[in-house]
Amino acid sequence: MGNPLLTFWYRLLGADARAPETEPSRGAAATEQATATVFLVLRRMRPPLIVLVVIFAVSVLGLMLIPGQDPSGERRPLGLLHAFYVMSYTATTIGFGEIPYPYTEQQRLWLTLCIFLTVVGWAYAIGTLLALLQDRAFRRAVALQRFARSVARLREPFWLMAGQGQTGRLLGDSLDALRRRFVVVDTSEARIAELDTRSYHSDVPGLVGDPRNPGHLIAAGLRHPHCAGVLALAEDDRTNFAVTVTAALLRPDLPVVARTLSRRVADRMKAFGGPTVINPFDVFGERLRLALQAPAGYQLIQWLTALPGDTIPGRSAQVAAGRWVVCGYGRFGQELTADLRRSGLEVTVVDQGTTTSDDPSVIRTEAPEDEVMALADVGTAVGLIAANDDDVTNLALVAAARRANPSLFLVARQNVRSSDPLFAAQGADLVVVPAEVVAHEVLAHLGSPVLFHLLRDIGTRGEAWAEDVVERLEALCGRGALLTWQVELTPERAGALMPWLRTGRARLGDLVRSPDDREVPIAAVPLVVVRGSGRVITPDDDFVLAPGDEIFLAGQPAARQELENVFVDEATREYVLHGREVPSGWLWRTLTPRPGARVPG
């Protein structure tokens, strides 16, 4: 910036005038934002500043032209310095007095006029300044600049979240509980303001902006070296598609997770860089089939992907084969109907006038819920799904279905989190919250690729296997929230274990013993061992580990710390692996004789 005035204002507003050489794009973006703010200030404040300058100039000129008088009666005109000094303390209402001599009547009359002129000038300038501070464009420009500076100061990995709806809030709470940083761009002022009121462990930078605007995404750290990835979670498919395209073109190396309700949009997204696309209706359709055919497998998936703080979900009874009733034929109802029919189940669809589908098999009616149950003949059905996008309607359908057939397996769609008490009191067998489905899937994707593949594999492992894993997790970890993590048996991460691993007798069961009592396992279950391109699911205690293996575990947070202690502490490692008591301090190791050493005396 060659303009000295722009440079002054740019530095005054707190921006760094020199962009880091290693980050030219971010420096250029910050410079552009600061320059826009400066120009806006100068453009709005130019008229009142000109008025003040003119008033000062005329006032000073008048004092210089009106002669004064010294005590001897001689005429003494004021010089430029004295005239400017007098106007400075007069216009600022300080009022030091009449200098260098008492004023004449003409001078006092001129100063009286100058006082009123400067009052008008200051009132005009202050009013314009206050109006500028309330101006939406100015506040947005300042907020954008402050947001860009806070993002630029981040020195740890963070996720760029585009959209802070129900899914974004759930995922934000989960990321914060896992001590992961994130920044948010959303069009809603209320949602961004809510970030300051939530009890997060660290500040969350938020911008009221349009995620479809590439400039806003760049300000949010899209080109930041510590940006770990992009989460496109807006409630509008077009916005998520625009975010996906922007990330693919500007940062093709970043992972992108996008939410959509349209298969067409999902296909368009996958054409740009291969992002992970999550359709909550598709995901729940697959999970519903698993819940009906393998309740233990569904319970295991829900527990492994639970949000931080969630306990083990309940397990429903296996549903007998028979006819299902789907009430509501929007996109969610259509997806579930297609999934159920692909499973070979008979489905009766009832639509209460909420969609315009031309499917002739759909029963269309605007009758009350009890008459809907009669039209769908729920007395001979085995299950009912209330799939409308209105929570009150779904609650009424579940209540009517229970009255018509108490043995029905009831599935209800919950659209907003605030309806939690109502659905809990209703007692449906299965409740689906699309926002939670997406949050679960995103956390699974962010957690580990091993977990992501394991979730896809659970449905093929069989119900007996899933029941056994759930029982092992309950026995070792209780019914509380689970933590999943991955350890790498490499020289860089577990160098002290290499001699033990190379013996060919490194049993998995010996590694997961408790440091307090090696006869008791830690509160964690090894779920997968990755060796090269192969995976061993739920290995037993006799599985022999080798250098380079990766172990994926699920358990309590304390178990992770206990396992880390085996990697870094010699005394803990010797006791857990070999049962030998080794002094933990340097002094005790020095004073304790080694095995086989001669004792003096």
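Residues numbered from 1 in each chain as written. Predicted model: local features only at pLDDT ≥ 70, side-chain atom pairs only at ≥ 80, totals over all residues. Heavy atoms only, no water.

### Here's the deal with the sheet that holds strand 14 (residues 430-432)
Strand pairing in a sheet is mediated by backbone hydrogen bonds. Such pairs are either parallel or antiparallel. Here we have 6 strands laid out as an open sheet, ordered 11-10-9-12-13-14, and parallel in their pairing. Every interior strand has two partners, whereas the edge strands, strand 11 (363-364) and strand 14, have only one. Of the pairings in the sheet, the one linking strand 9 (residues 324-327) to strand 10 (residues 347-351) comprises 4 bridges and is parallel in character. Of the residues in strand 10, the one forming a bridge with W324 is V347. Most of the contacts of helix 13 (residues 331-342) go to strand 10, to which it runs at about 170°, and overall it touches strand 9, strand 10, strand 12 (383-386), strand 13 (409-413) and strand 14. (Pairing = 2+ DSSP bridges. Helix = DSSP H or I, 4+ residues; strand = E, 2+ residues; numbered from the N terminus. Contact = heavy atoms within 4.5 Å. Axes fitted to C-alpha atoms, helices over the stretch in contact; angles between N-to-C directions.)

### Section: the side chain of Q299
Along the chain, the position of Q299 falls in helix 12 (residues 295-304). For Q299, a relative accessible area of 4% translates into the label buried. Those residues within four positions of Q299 in sequence are excluded, and the remaining contacts are I312, P313, G314, R315 and V470. (Buried < 20%, exposed > 50% of the residue type's maximum accessible area, 1.4 Å probe, protein only.)

### Section: the packing of helix 23 (residues 557-568) against helix 24 (residues 570-578)
How two helices pack is summed up by the angle between their axes together with the distance between the axes. Remark: helix 23 packs on helix 24, axes separated minimally by 6 Å, with the N-to-C direction vectors making an angle of 105°. What the angle tells us is that helix 23 and helix 24 run roughly perpendicular. For the pair helix 23 and helix 24, the contacting residues are N565, V566, F567 and V568 in the first and E570, T572, R573 and V576 in the second. Here the residues of the contact of helix 23 with helix 24 are counted per class, giving 4 nonpolar, 2 polar and 2 charged. (Parallel < 35°, antiparallel > 145°, perpendicular 65-115°, else oblique. Nonpolar A, V, L, I, M, F, W, Y, C, P; charged D, E, K, R; others polar.)

### Focus: the nonpolar core
Counting 77 residues, the largest nonpolar core has L231 and L304 as the members making the most contacts within it. By size, the runner-up hydrophobic cluster in this structure holds 29 residues, among which are L222, A232, L254 and A258. (Core = buried A, V, L, I, M, F, W, Y, C linked by side-chain atoms within 4.5 Å.)

### Some points on the pairing of strand 4 (residues 181-186)
Within strand 4, 6 of the 6 residues are buried, which leaves it mostly tucked inside the rest of the structure. Because side chains alternate across strand 4, one face comprises the buried residues R181, V183 and V185, and the other comprises F182, V184 and D186, equally buried. Here strand 3 (residues 158-162) pairs with strand 4 via 5 bridges, running parallel. Of the residues in strand 4, the one forming a bridge with M161 is V184. What joins strand 3 to strand 4 is helix 6 (residues 166-177), and the crossover it makes is right-handed. (Right-handed = clockwise from strand over helix to strand, strands pointing away.)

### Section: unusual backbone geometry
Of the consecutive residues I99 and P100, the connecting peptide bond is found in the cis state with omega at -10°. Relative to the elements of secondary structure, P100 occurs in the loop between helix 3 (80-91) and helix 4 (105-134). With a phi angle near 65°, T93 is a residue other than glycine that sits in the positive phi range. By the element assignment, T93 lies in the loop between helix 3 and helix 4. At T538, a residue that is not glycine, the phi angle is positive and equals roughly 40°. As for its placement among the helices and strands, T538 is situated in the loop between strand 17 (534-537) and strand 18 (550-555).

### Description of the packing of aromatic side chains
Under the counting rule described, the total for this entry stands at 9 aromatic pairs. Between Y85 and Y89, the ring centres sit 5.2 Å apart and the planes meet at 80°, which makes this aromatic pair edge-to-face. Placement of both Y85 and Y89 in helix 3 is noted, with a separation of 4 residues, approximately one turn of the helix. Residue classification places Y89 among the buried positions, given a relative accessible area of 4%. Here the aromatic rings of Y85 and F96 are separated by 6.5 Å at their centres, their planes lie at 35°, and the arrangement is tilted. (Phe/Tyr/Trp six-rings, centres within 6.5 Å; stacked < 30°, edge-to-face > 60°.)

### Some details on the side chain of S174
By the secondary structure assignment, S174 is in helix 6. Excluding residues within four positions of it along the chain, S174 makes contact with L307, P308 and L443.

### Points about the sheet that holds strand 16 (residues 524-531)
Reading across from one edge, 15-18-16-17 is the order of the 4 strands in this open sheet, with antiparallel pairing throughout. Each edge of the open sheet is held by one strand with a lone partner, namely strand 15 (483-488) and strand 17. Averaged over neighbouring strand pairs, the angle between their axes works out to 20° when direction is ignored. Pairing analysis gives 4 bridges linking strand 16 to strand 17, with the strands arranged antiparallel. Within strand 17, the residue paired with V528 across the bridge is I537. Of the strands in this sheet, strand 15, strand 16 and strand 18 touch helix 23, which is tilted by about 15° from strand 15.

### As for the pairing of strand 10
Of all the 5 residues making up strand 10, 5 are buried; the element is thus mostly covered by neighbouring parts of the structure. Where burial is concerned, the two faces of strand 10 agree: the one with V347, V349 and D351 and the one with T348 and V350 are both buried. In this fold, the crossover linking strand 9 to strand 10 by way of helix 13 has right-handed handedness. Taken together, the 2 bridges between strand 10 and strand 11 define a ladder with parallel strand orientation. Across the sheet, residue D351 finds its bridge partner in strand 11, namely R364.

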